Amino acid sequence: MEQISAAAVQDFSIYGMIAQADPIVKAVMIILALASVACWAIILEKAVRLSKLGRDLRRLERTVSDETTADAPRGLVRTLLSAAHHEAEDGGRNESRADLRARLERAMRLSLKSELQKLEVGLPFLATVGSAAPFIGLFGTVWGIMNSFTSIAQQKDTSLAVVAPGIAEALFATALGLAAAIPAVMAYNMISVSLGRGAGRAGTTITELAKRLSRPPSEGFARPATSEPLRAGKAV
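Residues numbered from 1 in each chain as written. Predicted model: local features only at pLDDT ≥ 70, side-chain atom pairs only at ≥ 80, totals over all residues. Heavy atoms only, no water.

(A) Focus on the overall build of the protein chain. Scanning the protein chain for helices and strands turns up seven helices and zero strands. Of the regular secondary structure in the protein chain, the N- to C-terminal order runs α-α-α-α-α-α-α. For the protein chain, buried positions account for 39% of its 236 residues. Restricting to contacts in the protein chain with at least 6 residues of sequence separation, those with at least 24 account for 79%. For the protein chain, the accessible area works out to roughly 13,100 Å², and carbon and sulfur atoms hold 63% of it. (Helix = DSSP H or I, 4+ residues; strand = E, 2+ residues; numbered from the N terminus. Buried < 20%, exposed > 50% of the residue type's maximum accessible area, 1.4 Å probe, protein only. Contact = heavy atoms within 4.5 Å. Areas by Shrake-Rupley, 256 points an atom, 1.4 Å probe, with all protein chains shown as cover.)

Written out as structure tokens, the structure reads:
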């Protein structure tokens, strides 16, 4: 009767289960909760930066497709044009147009790779949480069930009132593991795909941009007004 009364006053709210959980299970819950918060922070940060990358890619494509544009280069466009300008300054006077174009394209691709690598920061953490969180939650589940069986052995009572608290804590740990892992895996896949597509779009545009930047001034590629002039006139 006392066991039933104790179970009746057991707090099965989320806060109650965390507060009354075994120290090991409680540590598992805290770790998973912190991992989930960190994952959502990374996801929101990547969403903002991927949105900015999309705008930069559209601006880069307009720079190539609209030769009459006079807009000042910004963001990724400015970074790529700056890399091409510095690379053009290092060239010899007798190099062919093909050589100049290859150097410009290589410089801009390296600059693009550097920018995309900055966006990849945090992805390993998402991958780690996505793969490890379910097993961390499973560890908490197994530990909670062990406590439930220990309670049965100590009290020599197999009633649900004895095992319910431990089982509830165990299942809650499993739920936290899944809650941390599922968004992390989905976000990792979506961000990876977005970065891959962005790299593909930018790579295609860079090829065309290098071709146009390597033209002699007489062929009339109108670069953005604020970009530094490339020494394309050196091409033979």
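(B) Just the side chain of Thr141, in detail. One can find Thr141 in helix α6 (residues 123-155). Ignoring sequence-local partners within four residues, the contact set of Thr141 consists of Ala170, Ala173 and Thr174.

(C) Looking closely at the pattern of salt bridges. Tallied over the entire structure, the rule returns eight salt bridges. Between Asp56 and Arg59 there is a salt bridge, with the nearest N and O atoms lying 2.8 Å from each other. Of this pair, Asp56 and Arg59 both sit in helix α3 (residues 23-65), separated by three residues, roughly a single helical turn. Taken as a pair, Asp56 and Arg59 share a single burial class, namely buried. Across the pair Lys118 and Glu115 runs a salt bridge, and its minimum N-O distance is 3.4 Å. In this pair, Lys118 and Glu115 both sit in helix α5 (residues 97-119), three residues apart, roughly one turn of the helix. Salt bridges sharing partners connect three or more residues here, namely Glu45, Lys46 and Arg49. (Salt bridge = Lys/Arg side-chain N within 4 Å of Asp/Glu carboxyl O.)

(D) Geometry of a nonpolar patch on the surface. Together, Phe135, Leu138, Val142 and Met146 make up an exposed nonpolar region whose accessible area comes to about 400 Å². Mapped onto the fold, Val142 is located in helix α6. (Patch = residues over 30% accessible without salt bridge, like charges linked within 9 Å, V, L, I, M, F, W, Y side chains within 5 Å.)

(E) Here's a closer look at the environment of His85. By secondary structure assignment, the location of His85 is in helix α4 (residues 75-89). Here the alpha-carbon distance between His85 and Ala107, two residues 22 residues apart in the chain, equals 9.3 Å.

(F) Expanded view of the nonpolar core. Among the nonpolar cores identified, the biggest contains 42 residues, and Leu53, Met108, Leu126 and Leu195 are the most heavily contacted of them. For this core, the elements supplying multiple residues, two or more each, are α3, α4, α5, α6 and α7 (160-213). Not counting residues up to four positions away in its chain, the partners in contact with Leu126 are Cys39, Ile42, Ile43, Ala184, Ala187, Tyr188 and Ile191. (Core = buried A, V, L, I, M, F, W, Y, C linked by side-chain atoms within 4.5 Å.)

(G) Region of interest: the packing of α3 against α5. Here α3 crosses α5 at 155°, and the two axes come no closer than 10 Å. As far as their axial angle goes, α5 and α3 are roughly antiparallel. On α5, the residues touching Lys46, Arg49 and Leu53 of α3 are Leu116, Lys118 and Leu119. Looking at side-chain class alone, the contact of α3 with α5 contains three nonpolar, no polar and three charged residues. (Axes fitted to C-alpha atoms, helices over the stretch in contact; angles between N-to-C directions. Parallel < 35°, antiparallel > 145°, perpendicular 65-115°, else oblique. Nonpolar A, V, L, I, M, F, W, Y, C, P; charged D, E, K, R; others polar.)

(H) Layout of the side chain of Thr205. Counting through the fold element by element, Thr205 comes out in helix α7. Within the local environment of Thr205, its side chain forms a polar contact with the backbone oxygen of Arg201, the two atoms lying 2.9 Å apart. Those residues within four positions of Thr205 in sequence are excluded, and the remaining contacts are Leu60, Glu61 and Val64. (Polar contact = N/O pair within 3.5 Å; in protein donor to acceptor, adjacent residues only side chain to side chain.)

None of the figures reported here should be taken as evidence of function without further support.
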